[in-house]
Amino acid sequence: MTAALFKDWFFHHFVPEFKESFKSLGLPEDTKAILLLDNCKAHPPVDELVSGNIVATLLPPNLTSLIQPMDQGVIQNFKCFYRRSFIQGLLNADCDVTDFQKKFTVKDAVYAIALSWNQVKNTKLQKCWRKLWPAANPASDLTLQTDEEENHQDALTKVLDVVRSADNPLKTLPEDEVEEWLLIDENEPVEQELTDEDIINIVVNPQPTQNLEESDSDAETEEKEKNQLGRSCRITK
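Residues numbered from 1 in each chain as written. Predicted model: local features only at pLDDT ≥ 70, side-chain atom pairs only at ≥ 80, totals over all residues. Heavy atoms only, no water.

Peer 1: What am I meant to see in the overall build of the protein here?
Peer 2: Summing up its helical and strand segments, the protein has 10 helices and 5 strands in all. Counting every position in the protein, which comprises 237 residues, the buried fraction comes to 30%. Pairs at least 24 apart in sequence give 62% of the contacts found in the protein among residues at least 6 apart. Working note: accessible area of the protein is about 15700 Å², and carbon and sulfur atoms make up 54% of it. (Helix = DSSP H or I, 4+ residues; strand = E, 2+ residues; numbered from the N terminus. Buried < 20%, exposed > 50% of the residue type's maximum accessible area, 1.4 Å probe, protein only. Contact = heavy atoms within 4.5 Å. Areas by Shrake-Rupley, 256 points an atom, 1.4 Å probe, with all protein chains shown as cover.)

Peer 1: Would you mind showing me how to read the confidence of the model for the protein here?
Peer 2: Fine structural detail should not be taken from predicted coordinates in areas where pLDDT scores are low. Chain-level pLDDT for the protein is 75 on average; 70% of the residues reach the 70-or-more range. Counted against residues more than four places away or in other chains, residues 140-146, with its pLDDT under 50, gives 6 contacts. Confidence drops under a pLDDT of 50 for residues 231-237, and excluding neighbours within four residues, the segment shows 23 contacts in the predicted structure. (pLDDT = per-residue confidence, 0-100.)

Peer 1: It is not clear to me how the environment of Ile-113 should be interpreted in this structure. Could you clarify?
Peer 2: Residue position: Ile-113 is located in helix H5 (residues 106-118). Taking the relative accessible area as the measure of exposure, Ile-113 reaches 39% and is therefore partly exposed. Taking C-alpha positions, Ile-113 is 8.6 Å from Lys-79, a pair spaced 34 residues apart along the chain. Setting aside anything within four residues of it in sequence, one finds Ile-113 in contact with Phe-78 and Tyr-82.

Peer 1: Help me understand the packing of helix H3 (residues 74-92) against H5 in this model?
Peer 2: When two helices pack together, their arrangement is given by the angle between their axes and by how far apart the axes lie. The geometry of H3 relative to H5 is characterised by a closest axis approach of 9 Å and an angle of 125° between their N-to-C directions. It follows from the interaxial angle that H3 and H5 lie oblique. With respect to the hand of their crossing, H3 and H5 are arranged in right-handed fashion. Along its contact with H3, which presents Val-74, Phe-78, Phe-81, Tyr-82 and Ser-85, the element H5 presents Ala-109, Ala-112, Ile-113, Ser-116 and Trp-117. When its residues are assigned to classes, the contact of H3 with H5 shows 8 nonpolar, 2 polar and no charged. (Axes fitted to C-alpha atoms, helices over the stretch in contact; angles between N-to-C directions. Parallel < 35°, antiparallel > 145°, perpendicular 65-115°, else oblique. Left-handed = near helix turned anticlockwise from the far one by under 90°. Nonpolar A, V, L, I, M, F, W, Y, C, P; charged D, E, K, R; others polar.)

So this is what it looks like as structure tokens:
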């Protein structure tokens with residue numbers, strides 16, 4: 001997502017569809033509408049997102065954990081199941097970490113994503129509304145721990161269970177190293193500015209080229225993963 005793409009979507013999709021919605025509801029064409037946005041850097045300035053009475057405005061900062069239910073541990077819970085699935089595949093593979101990563105295809109990732117999402121419980125989805133909509137959860141469901149602490153410990157426990165059950169050198173990995181791997185992308189940026197040429201190169205030349213190399217942060221993240229879980233050992237069944 002880029003600011004240019006977002007503006008194109010706003011003026012050529014969002015605004016026309018809203019005007020059609022006004023007509024279907026029998027509302028005047030000049031009915032007011034507001035698009036609420038978070039503070040993602042990929043969004044253009046809100047003063048550039050104005051079309052008649054249809055405007056955009058930013059939510060106050062630091063409200064993600066309060067008003068965006070999916071950030072109440074649901075995404076973290078899903079990622080935990082995905083990483084646990086990845087670890088299980090790694091432990092069952094007759095190859096080292098580097099070879100396993102090379103063999104792990106997009107199709108493998110899609111299947112793992114589907115299976116991981118199916119493991120997210122309904123109760124987790126219900127509890128994610130507790131801050132935004134307290135009435136949706138009885139008071140008895142609330143714990144003394146914050147949501148963040150509860151979800152983090154739950155995720156760490158699930159992955160540790162898999163690692164500790166391994167019949168190979170990964171079994172001896174310290175808990176803090178497993179935790180570091182689990183949170184390795186916590187502070188990674190969620191957007192990247194790409195030019196039209198960059199996008200064309202990605203599609204036409206899937207392999208890295210001199211004009212489009214992995215960013216330092218991506219390379220550093222990959223190296224961390226290899227160091228944390230590889231330890232230059234060969235993983236056997």
